[in-house]
Amino acid sequence: MGVLKSETILSRNERILTNEIGTETVMMSIDEGRYYGLNKTGNYIWRILEKPLSFGDLCANVAAEFNLTERQCKEDVEPFIEELTKEKILKVRIQ
Amino acid sequence: MPALYYFYSNGLRIASEIFLPELQEISETDAAVTIKYGKVPERLNNIIAEYPLRQISATEFLFDIKGTARYCVGNNNEVIIHKYEGAEEDAVRIYLLSTVFAALLHKNDLLPLHASTVNIDGTAALIAGASGAGKSTTALGLLKKGYEILNDDISTIDIDPEKGPIVFSGYTHLKLWEKSLNDYNHTTENLRQLRRDIKKYSFPIERKIPDNNLPIKTIIFLQVKQVDQISHKPASGIALFDGLRKNTFRHRLAKELGKSETYFNKYARLASAINSFTVLRPEHCDPELLADYIEQILLT
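Going along each chain's sequence as written, the residues are numbered from 1 onward. Working convention: letters from A go to chains and numbers from 1 go to ligands, in the order in which they are written. Local features in this predicted model are restricted to residues whose pLDDT is 70 or higher, and side-chain atom pairs enter the listing and the counts only when it is 80 or higher, whereas totals over whole chains, interfaces and linings include all residues. Side-chain metrics in this entry use all non-hydrogen atoms of the structure; hydrogen atoms and water are not considered.

## A few points about the overall build of chain A
Helical segments are the DSSP runs of H or I of at least four residues, strand segments are the runs of E of at least two, and each set is numbered from the N terminus. Tallying secondary structure elements over chain A gives 3 helices and 6 strands in all. In chain A, the succession of helices and strands from N to C terminus is β-β-β-β-α-β-α-α-β. Note that the radius of gyration is over C-alpha atoms, with the globule rule given as 2.2 Å times the number of residues to the power 0.38. Its C-alpha radius of gyration of 13 Å places chain A within 12% of the 12 Å reference for a compact globule of 95 residues. A burial count over chain A gives 45% of its 95 residues as buried. Computed with a 1.4 Å probe, the accessible areas rest on the Shrake-Rupley method; for each residue, only the protein chains presented here act as cover. Here chain A has roughly 5,500 Å² of accessible surface; of this, 46% comes from carbon and sulfur atoms. Charged residues are defined here as Lys and Arg on the positive side and Asp and Glu on the negative side; His and the ends of the chain fall outside this count. To locate a charge, the coordinates of NZ of Lys, CZ of Arg, CG of Asp or CD of Glu are taken. Here chain A carries 13 positive and 16 negative side-chain charges, and the mean point of each set is 3 Å from the other. Residue burial is assigned from relative accessible area. The probe radius is 1.4 Å, only protein chains are included, and a residue is buried under 20% of its type maximum, exposed over 50%, and partly exposed in between.

## A word on the environment of B:Ile159
All names here are of chain B. Relative to the helices and strands, Ile159 resides in strand E13 (residues 154–160). For the pair formed by Ile159 and Leu62, sequence separation is 97 residues and the distance between their alpha carbons is 28 Å. Here, residues are in contact when the closest pair of their heavy atoms is within 4.5 Å. Once residues lying within four places of it in the same chain are set aside, the contact partners of Ile159 are Gly164, Pro165, Lys266 and Arg269.

## Comments concerning the packing of aromatic side chains
Centres within 6.5 Å make a pair out of two Phe, Tyr or Trp rings, where for Trp the six-membered ring is used; the pair is then stacked when the planes are under 30 degrees apart, edge-to-face when over 60, and tilted otherwise. A full pass over the atoms with the stated rule returns 13 aromatic pairs over all chains. One aromatic cluster is present, formed by A:Tyr35, B:Phe241, B:Tyr263, B:Phe264 and B:Tyr267 through successive ring pairs. Throughout this description, the term charge over a ring refers to an Arg CZ or Lys NZ atom that lies within 6 Å of the ring centre and within 35 degrees of the ring normal. Of note, B:Arg245 hangs over the ring of A:Tyr35, and the distance from its end group to the ring centre comes to 3.8 Å.

## Regarding the interface of chain B and chain A
In this complex, chain B contributes 14 residues to the contact, which on the side of chain A involves 15 residues. When two parts are put together, the accessible area they lose, computed with a 1.4 Å probe and summed over both, is reported as buried area. Considering only the surface of chain B that becomes buried against chain A, B:Ile238, B:Arg245 and B:Phe264 emerge as the three largest contributors, covering 47% of it. By definition, a salt bridge exists where a carboxyl oxygen of Asp or Glu is found within 4 Å of a side-chain nitrogen of Lys or Arg. In this structure, the connection of chain B to chain A is made through 0 salt bridges. Among the elements of the structure, helix H4 (237–246) and helix H6 (260–273) of chain B are those that each provide at least two residues to the side of chain B that touches chain A.

## A word on the nonpolar core
Throughout this description, the term nonpolar core refers to a set of buried Ala, Val, Leu, Ile, Met, Phe, Trp, Tyr and Cys residues connected via side-chain atoms within 4.5 Å. Counting residues in each nonpolar core, the largest one holds 36 residues, and the members touching the most others are B:Ile14, B:Ile35, B:Phe61, B:Tyr71, B:Val79, B:Ile81 and B:Leu96. Only strand E1 (5–9), strand E2 (12–16), strand E4 (33–37), strand E7 (60–65), strand E8 (69–74), strand E9 (78–83), helix H1 (89–107) and strand E14 (164–168) of chain B provide two or more residues apiece to this core. Ranked by residues supplied to this core, first place goes to H1(B) with 9 residues. Each residue touching B:Leu96, except ones within four places of it in the same chain, is listed here: B:Ile18, B:Leu20, B:Ile35, B:Tyr71, B:Val79, B:Ile81 and B:Phe101. Residues A:Ile21, A:Val26, B:Tyr263 and B:Ala268 belong to the second largest nonpolar core, which totals 30 residues.

## A closer look at the pairing of strand E4 (residues 35–38) of chain A
All names here are of chain A. Pairing of strand E3 (residues 24–29) with E4, which is carried by 4 bridges, proceeds in the antiparallel orientation. Following the sheet pairing, Met28 is matched in E4 by Tyr35. Two strands pair if DSSP finds at least two bridges between them. Linking two consecutive strands that pair antiparallel, namely E3 and E4, is a turn of 5 residues; a positive phi of about 75° is found at Gly33 within it.

## Observations concerning the pattern of salt bridges
Evaluated as defined, the whole model comprises 16 salt bridges over all chains. A salt bridge links A:Glu75 to A:Arg71; the shortest N-O distance between them is 3.7 Å. Here the residue A:Glu75 and the residue A:Arg71 both occupy positions in helix H3 (residues 70–86), the gap between them amounting to 4 residues, near one helical turn. You'll find A:Glu75 and A:Arg71 in the same group, each marked exposed. With a closest N to O distance of 2.9 Å, B:Arg43 and B:Glu50 form a salt bridge. When salt bridges with common partners are traced through the structure, they connect B:Glu22, B:Asp90 and B:Arg93 into a single cluster.

## Focus on the sheet that holds strand E1 (residues 9–12) of chain A
Pairing is antiparallel across the open sheet formed by 3 strands, whose spatial order is E5-E1-E6 (chain A). The open sheet has two free edges, formed respectively by strand E5 (53–54) and strand E6 (90–93) of chain A, since each of these has just one partner strand.

## Re the environment of B:Phe203
All names here are of chain B. Examined against the element boundaries, Phe203 turns out to sit in strand E17 (residues 198–204). A residue is classified by how much of its surface remains accessible, and Phe203, at 10% relative accessible area, is buried. For the pair Phe203 and Gln193, spaced 10 residues apart in sequence, the C-alpha to C-alpha distance is 9.4 Å.

## A few points about the sheet that holds strand E2 (residues 16–21) of chain A
On the basis of which strands lie adjacent, the open sheet formed by 3 strands has the order E2-E3-E4 (chain A) and antiparallel pairing. Here the strands that pair on one side only, and so sit at the sheet edges, are E2 and E4 of chain A. With direction set aside, neighbouring strand axes in the sheet form an average angle of 25°. For every element, the axis is a line fit to its C-alpha atoms; helices are fit only across the contacting stretch, and the angle between N-to-C directions ranges from 0 to 180 degrees. Taken strand by strand, H4(B) contacts E2, E3 and E4 of chain A, and its axis lies near 160° from that of E4(A). Strands E2, E3 and E4 of chain A of the sheet are contacted by H6(B), whose axis makes an angle of about 10° with E2(A).

See the structure below:
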């Protein structure tokens, strides 16, 4: 926990395929062959990470979109980002 | 050259040296698939992946069941079979119609699901589930109610540019346990036993679908759970994808043959075009009750 700093750069793993079904996004990692489902918030995060973004900027965006305080948002988003990183769906680059 | 028999199954027209009573026989045709006896190497050239019993190269799939047969499926849709001495033709056909056929379908991007298909007013309802979930028994129940059964056990799906997801008819028999037949007051008399050591029988069904495929409206995932009564809920998103993948016939083989991406996109096309439900049923449940329950879902 807590390895993500505001300036940590997050980007998509290129070897992920996605399909949107209704409000859900389903992803497949080409290398692992595993499937993942993203809900509305997860979907939003995946969409704005089309271009690499710092963790701080990501949280600011999510906070604005879903009417949350940035602090609240960091607490909610961090475990999610850590999980996506662990599953190699996202890449992190520490500045 | 030996005489050829012609068959239609799962979207493929087949010319075969071996008679396949499980498939629908058709008149002589330009067949995409040929099945014949011949020389099959023990090892493929340029193997890219190797697993117990099977080898994969860029152009061929080889499947070796010692004592029965060694099969080779080429990218040209030619299946060559080397029968081991003393092997029974029934056994040769069982592997041909299961794993070898799965490889053939996967190579042609035709998605085979572990599912029975029922014709409901001109659209197809697929009942998918693991072995023992009750697919064939439910199919038999719906057959008794007057519905036409297109497929038992395996249903092959393609995405038609105009009609969307369609399902092809496959085999012309239901594979049923003796107990399931007895539940519907049938005896096993005059029915062909699938294998000597297994009490499963081949039950012929009549079909009358005009062009051998139907658009898919519904997929039901049938599961046995520790529950008291039958229930159902809609399946969507990741649950639907997982259901489709788990029920893809020989899904590990599809991955080995490099079809993960193709099928992921097919699942998405399917998911956006069909209704889908998970039906949970107790281990012991009246097959007629289950057939009634599923009929109700399919009619609403």
